[in-house]
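An overview of the molecular structure
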2 protein chains.
Amino acid sequence: MATARISEIAKRAGVSEATVSRVLNNKPNVSAATRQAVLASADVLGMEAARSTVRSGRLIGLIIPELSNPIFPALAQVIEQALSGRGYTPVLCTQTAGGSTEDGLVEMLVGQGVAGIVFVSGLHANVDADTGRYEKLAERRIPFILINGFNEKISAPFISPDDHAAMSMAVQHLVQLGHERIGLAVGQQRFVPVKRKVDGFSAALQQLLGRSAEESQKFIHHTLFTVEGGHAAGDALLDRGCTAIVCGSDMMALGAVRAVRERGLSVPEHVSVVGFDGSPLMAFTEPKLTTLRQPVEAMAAAAVDTLLEELKEGSALRGELLFHPELVVRGSTAASWTSRSLS
Amino acid sequence: MATARISEIAKRAGVSEATVSRVLNNKPNVSAATRQAVLASADVLGMEAARSTVRSGRLIGLIIPELSNPIFPALAQVIEQALSGRGYTPVLCTQTAGGSTEDGLVEMLVGQGVAGIVFVSGLHANVDADTGRYEKLAERRIPFILINGFNEKISAPFISPDDHAAMSMAVQHLVQLGHERIGLAVGQQRFVPVKRKVDGFSAALQQLLGRSAEESQKFIHHTLFTVEGGHAAGDALLDRGCTAIVCGSDMMALGAVRAVRERGLSVPEHVSVVGFDGSPLMAFTEPKLTTLRQPVEAMAAAAVDTLLEELKEGSALRGELLFHPELVVRGSTAASWTSRSLS
């Protein structure tokens, strides 16, 4: 807001420039009458923008990659609920194929005067992406929080599920059921959560099944994080003799179940399948999906708390908070067919 | 934007006020160099707001009630995709319990300078709600489109699935399978889509099963549009001897299936269940859900086309476009148990 402009409003409203500034920045200790006079004066001067400035001080941008995997709307819903409860207005933006990019959405949100931004599974999770965009955002003094992804070059608070621990829990569950040929279906290698899942999975195979690091790589298949991706990865892993498949998302797990059935086999009688994300609808699938549930409520609460700390204090937290997923055992995992037929 | 302000920018940039106005309103026929000079001048004058005005000319608000029922993110996703493809940036806002209300979100979006608003299942669908809010929006010359709900007092384009026809299709499907005691589980009576479903269902029972209007009311149970609501309604309708239950949403249908199972009965062997919405994940439920699919792509395309017409021409369409749902027959409906045991 130009100082010239503020003096005009102050003159017209009969208050000091400091008071106008307080009102326009939505600071406390201004009487309702004064606030009204300032806004009326700003209005008369044609400054629709002034009111939007007041409001935008309470706007928080939330950028998510897509809405098809129900984990993203679920996460958005709890973050929005937490922000609203603290008096902020969340604005949700989704990347679209051939349309909105993360950078474009950031520019738009900054242009709209958001107080802060929450990124979910954004370019910060992509090891190939330039991190300069986040430095620029920090220079513009827009606090931001990064969910699901980590990059040590970015100085910001990070919040993630513990992918490494999750894979260990899944493999342990399957080994206890007698499975020895366990595969992992995950997305593209360039994503940090994928790298972490691969590391955790490989470590668990080495530790619990005595496989070599090289051997365990043969049980990992990279594909897309979708039903169709899971279907393709399921096929590839069944070809390698797997009796159990751990998937990087619930959507992939639904695709892996399809791949098993296409061969005339059953889940969990012949092949066990484990999902990741734990969206509520997975309790209704056929079979009900055993999955690693991201602690969505706890992650959302931490993201909002940390962002509001950043807004108040600046640099509240640097580094990462890891949240332990829960293994929710339902109907898609069972004792290994091969171990049963041997007994 | 105050005219005083525009003259300052024009003076500094060495161009006419008309040119400044063209740039700030993102109109064509301004050279890149001139556009740059105007924006630089606006910048120097401290007018961050100016740039946001340029961008906000391409912003479209999208207000949805919640993100838990997957039909809302699905609809949002295709509308966002269509808007992005036309060069607009969609901004998604969700109502939250105790937080963001529809009116609050509208104020925020208008303050941010959106070019138009798409309402999905908003207060326009609630017959008890005051329609004055939409008149005020029209007075402010913000074009808007209303999806899933109709109110003749509001002068705007409406887009809805044909609820009446959908109920007729569901009842016909169940009657053909031999069902005679068919119930309807729907949400609160104050919503237009509920009224229409009730009317369509009642008309179908009268026409296809020869029930009186009064009799057919006994087969209708109002509850909440959630899994738990569907569970409660399912219980009530099973108590009334229903062998088939049509639900107002897929989420309710999942709850109705639970109610059937709690009694030691099976779907579809003992009781048939039909959903409404047709979210993609319903192809993976146990049993795979027979449902009435809203033609989401067609509705989204029509909403975006109509809104862009409104932006260009004003008053492109008054009244309602109705979209015919599809009956997707899967595993939750089968021949009536009673008709089978009689034959």
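Because the structure is a prediction, the values reported are computed rather than measured.

Listed as interface residues are 46 residues of chain B and, on the opposing side, 45 residues of chain A. At the boundary of chain B with chain A, total buried surface from both sides reaches about 3900 Å², with 56% on carbon and sulfur atoms. On the chain B side of the contact with chain A, Gln-112, Leu-281 and Phe-284 of chain B bury the most area, a combined 17% of that side's loss. Counting every contact that joins chain B to chain A gives zero salt bridges. Applying the counting criterion to the chain B and chain A interface returns 13 residue pairs in polar contact (both at pLDDT 80 or more). For the side of chain B that touches chain A, the secondary structure elements donating two or more residues are helix 4 (48-56), helix 5 (71-85), strand 2 (89-94), helix 6 (102-111) and helix 12 (250-262) of chain B. Ranked by residues supplied to the side of chain B that touches chain A, first place goes to helix 5 of chain B with six residues. Across the side of chain B that touches chain A, the residue classes tally to 22 nonpolar, 15 polar and nine charged.

The next thing to look at is the packing of aromatic side chains. All names here are of chain B. The final tally for this structure, using the stated rule, is eight aromatic pairs over all chains. Seen in terms of ring centroids, Phe-119 and Phe-144 are 6.0 Å apart; in terms of plane orientation they differ by 90°. Their pairing is edge-to-face. Of the two residues, Phe-119 sits in strand 3 (residues 116-120) while Phe-144 sits in strand 4 (residues 144-147), which places them 25 residues apart along the sequence. Measuring from ring centre to ring centre gives 5.8 Å for Tyr-134 and Phe-144, while their planes differ by 35°; the resulting arrangement is tilted. Here the residue Tyr-134 occupies a position in helix 7 (residues 132-139), and Phe-144 occupies one in strand 4, the gap between them amounting to ten residues. Given the relative accessible area of 3%, Tyr-134 is considered buried. For Phe-144, a relative accessible area of 4% puts it in the buried group.

A word on the sheet that holds strand 9 (residues 272-277) of chain A. The strands making up a sheet are joined through hydrogen bonds of the backbone, oriented either antiparallel or parallel. Residues and elements named next belong to chain A. Overall, mixed pairing links the six strands, which are arranged 7-6-8-9-10-12 in an open sheet. Two strands in the sheet have a free side with no partner beyond their single neighbour: strand 7 (220-222) and strand 12 (326-328). Adjacent strand axes in the sheet meet at a mean angle of 20° when their direction is disregarded. Inspection of the sheet shows strand 6 (residues 182-186) paired to strand 7 by three bridges, in the parallel sense. Counterpart to Val-186 in the pairing with strand 7 is His-222.

The transform that puts chain B on chain A rotates by 180° and translates by 0.1 Å along the axis, for an RMSD of 0.2 Å. In the structure described here, the two chain copies are related by an operation that fits a two-fold rotation axis.

Turning to the domain arrangement of chain A, a few remarks are in order. Residue and element names in this part refer to chain A. Its domain assignment divides chain A into domain 1 (59-161 + 295-325) and domain 2 (163-294 + 327-342). On a C-alpha basis, the centroid separation for the pair domain 1 and domain 2 is 29 Å. When domain 1 packs against domain 2, the two sides together hide about 1600 Å² of surface, and 59% of this comes from carbon and sulfur. The partner of Arg-196 in a salt bridge is Glu-320, and the shortest N-O contact between them spans 2.9 Å. In this assembly, domain 1 and domain 2 are joined by seven residue pairs in polar contact (both at pLDDT 80 or more). In terms of residue class, the side of domain 1 that touches domain 2 is built from eleven nonpolar, eight polar and two charged.

We now examine the packing of helix 11 (residues 227-239) of chain B against helix 12 of chain B. Residues and elements named next belong to chain B. Where helix 11 meets helix 12, the closest approach of the two axes is 6 Å, and the angle between their N-to-C directions is 50°. Overall, the two elements helix 11 and helix 12 adopt an arrangement that is oblique. Pair helix 11 / helix 12 crosses with right-handed handedness. Mapping the contact onto sequence places Val-227, Gly-230, His-231, Gly-234, Asp-235 and Leu-238 in helix 11 and Met-251, Met-252, Gly-255, Ala-256, Arg-258, Ala-259, Val-260 and Glu-262 in helix 12. Each residue belonging to the contact of helix 11 with helix 12 can be placed in one class, and the counts come to seven nonpolar, four polar and three charged.

So, on to helix 12 (residues 250-262) of chain A. Because each turn of an α-helix spans 3.6 residues, side chains separated by three or four positions end up pointing in the same direction. Residues and elements named next belong to chain A. Relative to the 18 Å expected for 13 residues at 1.5 Å per residue, helix 12 spans 19 Å between its end C-alpha atoms, a close match to the ideal helical length. Extensive coverage of helix 12 is indicated by the burial of ten of its 13 residues. All of the buried residues along helix 12 are Asp-250, Met-251, Met-252, Ala-253, Leu-254, Gly-255, Ala-256, Val-257, Ala-259 and Val-260. Just past helix 12, the residue Gly-264 takes up positive phi, approximately 75°.

Next up on the list: the sheet that holds strand 10 (residues 290-293) of chain B. Residue and element names in this part refer to chain B. Taken in spatial order, the six strands make up an open sheet running 7-6-8-9-10-12, and their pairing is mixed. The sheet terminates laterally at strand 7 (220-222) and strand 12 (326-328), the two strands that pair on one side only. For this sheet, the mean angle separating the axes of adjacent strands, direction not counted, is 20°. Bridge analysis of strand 9 (residues 272-277) against strand 10 gives four bridges, and the strand direction is parallel. Note that in strand 10 the partner of Val-274 across the bridge is Thr-290. Against the sheet, helix 9 (residues 192-209) contacts strand 6 (182-186), strand 7, strand 8 (244-247) and strand 9, and its axis sits at roughly 175° relative to strand 6.

About the criteria used
Residues numbered from 1 in each chain as written. Chains lettered and ligands numbered in written order. Predicted model: local features only at pLDDT ≥ 70, side-chain atom pairs only at ≥ 80, totals over all residues. Heavy atoms only, no water. Contact = heavy atoms within 4.5 Å. Buried area = accessible area lost by both parts, 1.4 Å probe. Salt bridge = Lys/Arg side-chain N within 4 Å of Asp/Glu carboxyl O. Polar contact = N/O pair within 3.5 Å; in protein donor to acceptor, adjacent residues only side chain to side chain. Helix = DSSP H or I, 4+ residues; strand = E, 2+ residues; numbered from the N terminus. Nonpolar A, V, L, I, M, F, W, Y, C, P; charged D, E, K, R; others polar. Phe/Tyr/Trp six-rings, centres within 6.5 Å; stacked < 30°, edge-to-face > 60°. Buried < 20%, exposed > 50% of the residue type's maximum accessible area, 1.4 Å probe, protein only. Pairing = 2+ DSSP bridges. Axes fitted to C-alpha atoms, helices over the stretch in contact; angles between N-to-C directions. Least-squares fit on C-alpha atoms with pLDDT ≥ 70 in both. Domains from an automatic or database assignment. Parallel < 35°, antiparallel > 145°, perpendicular 65-115°, else oblique. Left-handed = near helix turned anticlockwise from the far one by under 90°. Expected span 1.5 Å × (residues − 1).

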